[in-house]
Amino acid sequence: MSAQNKIEIDAVVDVETKTISMSQTIVYKNESNDTLSEIYLNDWNNSYSTKSTPLAKRFEEEFSTKFHLAKSEQRGYTVVTSIKDKNNQVLEYGNLKAHPDVIKVILKTPLQPREAYNITLNYNLFVPDATFTDYGYTKNGDFELKYWYITPAVYDGKWHYYSNKNLDDLFIPKADINLRITHPLNYRVTSELDGLILESDVPNRTQTSILSGKDRIDTYLSLRKFPGFSFIQTDDFIVLSDINEKGITGPEKAVITDKVTGFLTEHLGAYPHNMLIVSEIDYNKNPLYGLNQLPSFLSPFPEQFQYELKLLKTATKKYLDNTILLNPRKEHWLIEGLQIYFLMKYVEDYYPDMKLLGNLSKIWGIKAFHAADLDFNFQYFLYSMEIARKNRDQPLNTSKDSLTKFNANIAGKYKAGVGLNYLDQFTDDINLSNSITEFLTSNQLKLIRIDDFENFLKSETSKDIDWFFKDFIGTRKKIDFKIKSIETTEDSIKLTIKNKRNNKMPVSVFKLSNDSVIGKLWVEDIKDEKTITLSKDNTEKFVLDYDNAIPEFNQRDNYKSVKGSILNNKPLQFRLFKDIEDPDYNQIFFMPLVEFNNIYDGLTLGTKVYNKTILRKRLNYRISPQYATKSKSLTGSVSAFYTHNLENQNLFNITYGISAGYRSFAEDAFFTRIRPSVEFAFRDDNDFRSNKIDVISARYVSINRTVGENAVVDIDEPDYGVFNLRYTHANPGIINFSSFNTDFQVSNQFSKLSLNYEFRKLTQGNRNVNLRLFAGFFLKNNSDPGSDYFSFALDRPTDYLFDLNYLGRSEAAGLFSQQIIIAEGGFKSKLETPFANQWMTTANFSTSIWRYIQVYGDLGLIKNKSIDPKFVYDSGIRLNLVEDYFEIYLPIYSNLGWEIAQPNYDQSIRFMFTVDPQVLLGLFRRKWY
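Note on numbering: residues in each chain are counted from 1, in written sequence order. A pLDDT threshold of at least 70 governs which residues receive local features in this predicted model, and a stricter bar of 80 or more applies before side-chain atom pairs are shown or counted, although totals over entire chains, interfaces and linings include all residues. With hydrogens and water set aside, each side-chain value is computed from the structure's full complement of heavy atoms.

Undergrad: Help me out: how do you make sense of the packing of helix H4 (residues 303-323) against helix H5 (residues 332-350) in this one?
TA: Helix-helix packing is described using two parameters, namely the angle between the two axes and the distance between the axes. Relative orientation of the contacting elements H4 and H5 amounts to 145 degrees, with a least axis distance of 9 Å. Remark: the crossing between H4 and H5 carries right-handed chirality. Across the interface between the two elements, Glu308, Leu309, Leu312, Lys313, Thr316, Lys317, Leu320 and Asp321 of H4 pack against Ile335, Glu336, Leu338, Gln339, Ile340, Leu343, Tyr346 and Val347 of H5. Side-chain classes are defined by residue name, with Ala, Val, Leu, Ile, Met, Phe, Trp, Tyr, Cys and Pro counting as nonpolar, Asp, Glu, Lys and Arg as charged, and the others, Gly among them, as polar. Residue composition of the contact of H4 with H5, grouped by class: 9 nonpolar, 2 polar and 5 charged. Each axis is a line fitted through C-alpha atoms, and for a helix only the stretch in contact is used; angles between axes span 0 to 180 degrees, taken between their N-to-C directions. Counting from the N terminus, the helices are DSSP H or I runs at least four residues long and the strands are E runs at least two residues long. Rotating anticlockwise by less than a right angle from the far helix to the near helix defines a left-handed crossing, while the corresponding clockwise rotation defines a right-handed one. Between two residues, a contact is recorded if the distance between any of their heavy atoms is within 4.5 Å.

Take a look at the structure:
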């Protein structure tokens, strides 16, 4: 069906200034029954214009400063010089305040239903640097353009416009495109549009590329000096691709491409255009996650398989985007789910024996792991369940810009694909794959909604599939069943299944004999419990979801033997290294440990015995006996914690448990710590992308210390126990950071209260500003007056609760005494009065002067018993190499005078250094979760 909408563009590219001069005509038909007095246009090039656009805020939310720190000339923008109607009348227009990349145009005369508006625009595009989103002006001097020209927004009773947030999800109506683009002679245009005609202007060293296309959505155009696209004519359509894989020759690529396009045509319907571009940019923005991303020399998969899936995944998404006109921000899950669903079908058809670990599954030692037994397609269940087990999953119908990065890029897509496969298995009265193909073919290039897909499937099957759209797609409800009981009589078996979650999702029941499947049935509408009666046969065991088609939260209680409980008891399974959970066994894992905890124990060698699998469990225990090579002693720790997840409320988890450890705190001096605790974590349940979190924790810390004959430290205070209550509110943004916490401690010797507030900001001028305020005071202090063991510390807390990762906790001189952890007073200089046994208030400030070089200053008042308050200060240079992880402080001036001019200045330098891998992993997690 020919589009009523038309867009004609005359563009002139200036490579030197990275600008494109645009003269454009838009003809857009009002297909609604409403009269329109205004229209909205998408101008996504302008989303780069300032540091406060929705796109800029998106980068901030994902802990990226590349856009904020960029030079002004790197950020693109649009300058519209005129918008006129068909009568050449100037129209009033302006960018929306909340959406600076959307233009509102006031029409001179209202636009009636079934009528078309015709406007002409003149504007200049200042193309952004491609480092932000991969689209724009590249470091090679090429142009990768997507969403570059102005397009009309969709109106179907309401306007569907929204801002660019680097999600590649512009919603526009199909249109007939005519494009003339003038560019230097040495550049070549690559586009999905047809009929490339070249007009050369040799004197001006330019040429004009003329292209056109009907019913188009895609706006991608590549303008390169050396195009890297391969032109492959298949039996179905032409594929232009610059996706590469080492070891794959040109003829092999042609065979693979023809195989892929044949599969797509069969399952998605005939492609309505002549060409499909499958670009490396598209793949890199949505890659195959997991082992597929390893370098080629480490990859466990054959090169052909790697290339085939790269091409298939990228081409499937592009194919669907170009033919199915759904709102890609609000109804994204269907196209993403279909992409994964057909990716799974492809592997089932052509690579049924491919394993999750690829060729690694055949290697001795590795093949003993449960992961080596799993099929390649199991990864989609694994990644979707990864986020569910962390209680961070979101409903699939959540607007794409409200999803966390992990949900948007990985878990949501995989859950949707696994869900469609689940629906496929359940609707055994139809061939769901064929029904989907019929739907896609009959609705090609039509504006549709999810409701259309739902209604079509319901008309195809006789089964009730409301649960799929209401519970599976529309909520965070988990799937979790168990076989509660089996009762046998002379001629029947009564099987009771318990639904542990409040949903209406069905479950498959398999009948096994001699570990072979002899029957299967689906049980539906299980409200709490449901008992079914079956004829007695030779069934030995019933298993729920034996084929792993259902993304079930907990598969460990899906087995039940007909005869007694002996077979129900799962055997213990011991494994070296962490594995994927095997529901047939109670697994215990061992892992060798080589660690460096402090300079007193030195290198510690030992093992870790634990039950933690790849997917998070609610109950986790760990036993870690270790031998310290330097202190020549047995050290280690033991812990057990249980996390209770709560859904659809601000209190999202409660964790309680106990830990104990034994380590050195000085030469020939050891401490034993026993620490039971409970923690309540809160977040905004309506906004998972928010970094804000509130934590209330309570714990009791029992400390016992022993000192040997060769110890160089004395114990001033008897062993002690401290009850500790904490509240923390944090908003750890990369541009704006704030944190507030209160800490209350009580023991036999003392009780104390402290407050800490920290604020950081990266200003519009790219200056880092850091402010930290601390106040602490004793409610009671009956500790030894001659000891500052429990006192507030100005620069280096004694850490009597053993929370801080000091490499040399008891060092008074030398390099390790210079390690600093910003806590309590937060000073960097070692002043004459380093402790306060009554109260202390301090302020720490720093600001950048050039890149990672900052200047810092600290002020404070400290009060000790029977002594007047003392004013303290210091200042210096802070080398902020990796904030909170690796920093160096160079004192300059303080109460001690000009420190930089004093003897042994090198001993005054302080450093912050983190070696804990779990802390370093936080740099990764904060971007994805």
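Undergrad: Before we go on, may I ask you to explain the packing of helix H2 (residues 250-268) against H5 in this structure?
TA: Their axes nearest at 12 Å, the elements H2 and H5 cross at an angle of 120 degrees. Between H2 and H5, the interaxial angle falls into the category oblique. The hand of the H2/H5 crossing is right-handed. Seen from H2, the contacting residues are Lys259, Val260, Phe263, His267 and Leu268; seen from H5, they are Phe342, Lys345, Tyr346, Asp349 and Tyr350. Within the contact of H2 with H5, the residues separate by chemical class into 6 nonpolar, 1 polar and 3 charged. When an angle is under 35 degrees it counts as roughly parallel; over 145 it counts as roughly antiparallel; between 65 and 115 it counts as roughly perpendicular; any other value is oblique.

Undergrad: What am I meant to see in unusual backbone geometry here?
TA: Excluding glycine, residues mostly carry a negative phi; peptide bonds, for their part, are mostly trans. The backbone of Asp545 sits at a positive phi, close to 50 degrees, despite the residue not being glycine. The topology assignment puts Asp545 in the loop between strand E26 (541-544) and strand E27 (559-561). We note that Phe802 has phi near 55 degrees; this positive angle belongs to a residue other than glycine. One can find Phe802 in the loop between strand E40 (792-793) and strand E41 (835-836). In this scheme, a residue with accessible area under 20% of its type's maximum is buried, one over 50% is exposed, and one in between is partly exposed, where area comes from a 1.4 Å probe on protein chains only. By relative accessible area, Phe802 is classed as buried at 6%.

Undergrad: I'm lost on the pattern of salt bridges in this one. Help?
TA: Charged atoms that come close allow side chains of opposite charge to pair. Put simply, a salt bridge is a Lys or Arg side-chain nitrogen that is within 4 Å of an Asp or Glu carboxyl oxygen. According to the stated counting rule, one finds 53 salt bridges in the structure shown. Glu647 is paired through a salt bridge with Lys478; the nearest N and O atoms lie 2.7 Å apart. Of this pair, Glu647 sits in the loop between strand E32 (633-645) and strand E33 (651-666) while Lys478 sits in the loop between helix H10 (466-473) and strand E21 (481-488), and the two are 169 residues apart along the sequence. On the basis of relative accessible area, Glu647 is assigned to the partly exposed category, the value being 23%. When its relative accessible area of 6% is taken as the criterion, Lys478 is described as buried. The salt bridge partner of Arg501 is Glu647, with a shortest N-O separation of 3.3 Å. A residue pair is termed long-range when its members are at least 10 positions apart, and Arg501 in the loop between strand E22 (492-499) and strand E23 (507-513) and Glu647 in the loop between E32 and E33 qualify at 146 residues.

Undergrad: Help me understand the sheet that holds strand E18 (residues 230-233) in this model?
TA: Strand pairing within a sheet occurs via backbone hydrogen bonds; the two strands may be parallel or antiparallel. When DSSP finds two or more bridges between two strands, those strands count as paired. The strand order across the open sheet formed by 3 strands is E18-E19-E20, and the pairing between neighbours is mixed. The open sheet has two free edges, formed respectively by E18 and strand E20 (275-278), since each of these has just one partner strand. Strand-to-strand, the axes of this sheet are offset by a mean angle of 20 degrees, without reference to chain direction. Pairing of E18 with strand E19 (residues 238-241) involves 4 bridges; the strand directions are antiparallel.

Undergrad: Looking at this structure, I do not really get the sheet that holds strand E14 (residues 188-191). What am I missing?
TA: Spatially, E8-E9-E17-E14 is the arrangement adopted by the 4 strands of the open sheet, whose pairing is antiparallel. Lying at the two open borders of the sheet, with one neighbouring strand each, are strand E8 (136-137) and E14. Summarising the sheet, E14 and strand E17 (residues 221-224) pair through 4 bridges and their orientation is antiparallel. Along E17, the bridge assignment pairs Val189 with Leu223.

Undergrad: What's the story with H4 in this structure? I'm lost.
TA: Along an α-helix, a turn takes 3.6 residues, which lines up residues three or four apart on a common side. To estimate how far a helix should reach, multiply one less than its number of residues by 1.5 Å. The first and last C-alpha atoms of H4 sit 30 Å apart over 21 residues, in line with the 30 Å expected at 1.5 Å per residue. With 18 of 21 residues buried, H4 lies mostly within the body of the structure.

Undergrad: Teacher, can you tell me more about the pairing of E21 here?
TA: Walk down a regular strand and you will see the side chains alternate between the two sheet faces. Sheet analysis places E21 next to E22, joined by 7 bridges and oriented antiparallel. The residue bridging Lys482 from the neighbouring strand is Lys498, located in E22. Linking E21 to E22, which pair antiparallel, is a turn of 3 residues.

Undergrad: Could you clarify how one ought to interpret the environment of Leu264 in this entry?
TA: Looking at the secondary structure, you find Leu264 in helix H2. Residues Leu264 and Lys165 lie 99 residues apart in sequence; the distance between their C-alpha atoms is 29 Å. Leu264 has contacts with Gly269, Leu312, Ala315, Thr316 and Tyr319, leaving out every residue within four places of it along the chain.

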